[in-house]
Amino acid sequence: MARLTGKTALVTGAASGIGAASARALAREGAQVGCGDLDAAGAEAVAKEIAAAGGEAFGLALDVTNPEQNTQAVAAVRERYGSFDVIHLNAGIAASSSVLDTTLEEWDRLHAVNLRGVFLGLQAAARAMAESGGGSIIATSSGAGLRGGASMGTYCATKHGVLGLVKSAAADLAPHRIRVNAVCPGVIDTPILGPLHKNQEILDGVFARAHPIGRVGQPEEVANLVLFLASDESSFITGTACPVDGGMHSVFGSVLDTTGDLSNEFLNKE
């Protein structure tokens, strides 16, 4: 029997990248999946791909910054499949600017999607799960939720906020048999990288050397962790921030190789 047989799930930001990989992984293991995204056509395309592979999924338009749409998305999964067991709160956007140059518009936009969107989705999902006896909530934070970075102040602030919310929600929701965890990806080759997405010269160069494993990650590798946290195999795990980053958060690894461009850049900054 597949690990999620009989379970239902909703994935936000499911039209591409980590969200699409997560939706596929959950469906492959037996879950019935709602694929939500602001890009409704993209979400529907992922759902059709899942169905073509023998899974069960549907796509829906979802603006995670809108309270009513979060509630409606959870209700749509319950109405279609009869229960609500898992949510992967994955929708997110990025921006890069020094804290001296960050505009209020950029600050508000990232917080609306990356933090408000997670809060609204978590709240809507938790209410449904509490009524049905429990479930698993997984939020996508980031390695940027575990440390700071130059020109990443707004993004880091939102992703740190996700971890604070996850840890607090884990305490609040434990009596309802709801587990709440976060995944913290390193550099993953997805569209959030903008023009660097699939740019192998950069990905296999500077970015690869920042990871002790020596390469960037793929969305399926994050999805595998989401799948574990969604399943009963992680039944005693809640309130965690789980890195999936090739060792980036824990050790310097090959970044200190003085023959590399990245290490020279770091070592010459004094």
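Residues numbered from 1 in each chain as written. Predicted model: local features only at pLDDT ≥ 70, side-chain atom pairs only at ≥ 80, totals over all residues. Heavy atoms only, no water.

Here we look at the confidence of the model for the chain
Interpretation of this model should avoid reading the predicted coordinates in detail wherever pLDDT is low.
Inference 1: Put simply, the chain has an average pLDDT of 90, and 90% of its residues get 70 or more.
Inference 2: Note that residues 254-270 has pLDDT below 50 and, in this model, 17 contacts with residues that lie over four places away or in other chains. (pLDDT = per-residue confidence, 0-100. Contact = heavy atoms within 4.5 Å.)

Some points on the environment of Arg 209
Inference 1: Positionally, Arg 209 belongs in helix α6 (residues 200-209).
Inference 2: Taking the relative accessible area as the measure of exposure, Arg 209 reaches 22% and is therefore partly exposed. (Helix = DSSP H or I, 4+ residues; strand = E, 2+ residues; numbered from the N terminus. Buried < 20%, exposed > 50% of the residue type's maximum accessible area, 1.4 Å probe, protein only.)

Section: the side chain of Arg 179
Inference 1: Mapping Arg 179 onto the fold places it in strand β6 (residues 178-185).
Inference 2: Buried and unpaired, Arg 179 has no salt bridge, with Asp 232 as the nearest side chain of opposite charge at 5.4 Å.
Inference 3: At a separation of 2.8 Å, a polar atom in the side chain of Arg 179 contacts the main-chain carbonyl oxygen of Ser 234.
Inference 4: Beyond its immediate stretch of four places on either side in the chain, Arg 179 contacts Gly 135, Ser 136, Ile 137, Leu 229, Ala 230, Ser 231, Ser 234, Ser 235, Ile 237 and Thr 238. (Lys, Arg positive; Asp, Glu negative; His and termini not counted. Salt bridge = Lys/Arg side-chain N within 4 Å of Asp/Glu carboxyl O. Polar contact = N/O pair within 3.5 Å; in protein donor to acceptor, adjacent residues only side chain to side chain.)

Structural notes on the packing of helix α1 (residues 17-28) against helix α7 (residues 219-230)
Inference 1: Contact geometry for α1 and α7: axes closest at 8 Å, N-to-C directions at 50 degrees. The angle between α1 and α7 places the two elements in the oblique class. Where α1 crosses over α7, the handedness of that crossing is right-handed. Only Pro 219, Glu 220, Val 222, Ala 223, Asn 224, Val 226, Leu 227 and Ala 230 of α7 make contact with α1, whose side of the interface consists of Gly 17, Ile 18, Ala 21, Ser 22, Arg 24, Ala 25, Leu 26 and Arg 28.
Inference 2: Its residues assigned to classes, the contact of α1 with α7 shows 10 nonpolar, three polar and three charged. (Axes fitted to C-alpha atoms, helices over the stretch in contact; angles between N-to-C directions. Parallel < 35°, antiparallel > 145°, perpendicular 65-115°, else oblique. Left-handed = near helix turned anticlockwise from the far one by under 90°. Nonpolar A, V, L, I, M, F, W, Y, C, P; charged D, E, K, R; others polar.)

Concerning the environment of Glu 44
Inference 1: Its location among the elements puts Glu 44 in helix α2 (residues 40-52).
Inference 2: Exposure remark for Glu 44: the relative accessible area of 29% places this residue in the partly exposed category.
Inference 3: Here the alpha-carbon distance between Glu 44 and Gly 59, two residues 15 residues apart in the chain, equals 4.1 Å.
Inference 4: Sequence-distant contacts of Glu 44, that is, excluding residues within four places in its chain, are made with Phe 58 and Gly 59.

Section: helix α5 (residues 153-173)
Inference 1: The end-to-end C-alpha distance of α5 is 30 Å, a good match for the 30 Å that 21 residues give at a rise of 1.5 Å each.
Inference 2: Listed as buried for α5 are Thr 154, Tyr 155, Cys 156, Thr 158, Lys 159, Val 162, Leu 163, Leu 165, Val 166, Ala 169, Ala 170 and Leu 173.
Inference 3: Looking at the buried positions of α5, the neighbouring elements they touch are α4 (104-132), β5 (135-140), β6 and β7 (241-244). (Expected span 1.5 Å × (residues − 1).)

Some remarks on the pairing of strand β4 (residues 86-89)
Inference 1: Residues Val 86 and His 88 point to one face of β4 and Ile 87 and Leu 89 to the other, with burial holding for every one of them.
Inference 2: With four bridges connecting them, β4 and β5 associate as parallel partners. The residue of β5 that forms the bridge with His 88 is Ile 138.
Inference 3: Crossover β4 to β5 through α4 is right-handed. (Pairing = 2+ DSSP bridges. Right-handed = clockwise from strand over helix to strand, strands pointing away.)

Some details on unusual backbone geometry
Inference 1: Positive phi, normally seen in glycine, also occurs at Ser 151, with a value near 60 degrees.
Inference 2: Residue position: Ser 151 is located in the loop between β5 and α5.
Inference 3: Despite not being glycine, Arg 177 shows a phi value in the positive range, around 65 degrees.
Inference 4: Here Arg 177 lies in the loop between α5 and β6.

Quick notes on the layout of surface pockets
Inference 1: Within this model, the second largest pocket holds a volume of roughly 310 Å³.
Inference 2: Listing elements by their share of the lining of the second largest pocket, those giving two or more residues are β5 and β6. (1 Å grid on protein atoms, 1.4 Å probe; cavity = no way out; pocket = protein on both sides within 12 Å on 5 of 7 lines; lining within 4 Å. Points joined across faces, edges and corners; volume = space filled by probe spheres on them.)

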